[in-house]
Amino acid sequence: MSSILKRTVFQRNLIKFNQRQTTYNIQTRIIRYFVDDASNSQLTEGEKHLYDKLHSKFQPTKLQVEDISGGCGSMYAIEISSEAFKGLSVIKQHRLVNDLLRDDIKKMHGIRLKTSTD
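Keep in mind it's a predicted model, so treat the numbers as computed, not measured.

Student: I would appreciate a short explanation of unusual backbone geometry in the present structure.
Tutor: A negative phi holds for most residues other than glycine; trans holds for most peptide bonds. Of note in this structure, glutamine 59 is not a glycine but carries a positive phi near 40°. Tracing the backbone through its elements, the reader meets glutamine 59 in the loop between helix H2 (45–58) and strand S1 (62–67).

Student: Where do I start with the sheet that holds strand S2 (residues 75–81) in this structure?
Tutor: Backbone-to-backbone hydrogen bonds join strands into a sheet, with any given pair of strands oriented parallel or antiparallel. Spatially, the three strands line up as an open sheet ordered S1-S2-S3, and their pairing is mixed. Unpaired on one side and paired on the other, S1 and strand S3 (110–116) mark the two borders of the sheet. Each neighbouring strand pair of the sheet contributes to a mean axis angle of 5°, computed without reference to strand direction. With six bridges joining them, S1 and S2 adopt antiparallel strand pairing. Counterpart to glutamine 64 in the pairing with S2 is glutamate 79.

Rules behind the numbers
- Residues numbered from 1 in each chain as written.
- Predicted model: local features only at pLDDT ≥ 70, side-chain atom pairs only at ≥ 80, totals over all residues.
- Heavy atoms only, no water.
- Helix = DSSP H or I, 4+ residues; strand = E, 2+ residues; numbered from the N terminus.
- Pairing = 2+ DSSP bridges.
- Axes fitted to C-alpha atoms, helices over the stretch in contact; angles between N-to-C directions.

Written out as structure tokens, the structure is:
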């Protein structure tokens, strides 16, 4: 098999793999986005822990917690919408969440946070 043909086959297989991986990532995000119960098996242990803490404190109308570190638990994306944030600036909203998760954040590499009111 010529090197050009080998390269073409490799590139085609890589494209197929990337398409499957992208589809999987999109499906996983959609599933996690619509999760209302932290006990759902789609959430990792770290996601459940953060979800439970945030849900009990803020009673959000929308809450999404996702491990964006690839599963090792070093970075999370959190999107939360709650009446508890009403009348507060974004900085104060973030401070409330950061204060609640202070001990957890110390163990993380980073956190991506998006807060809003209803």
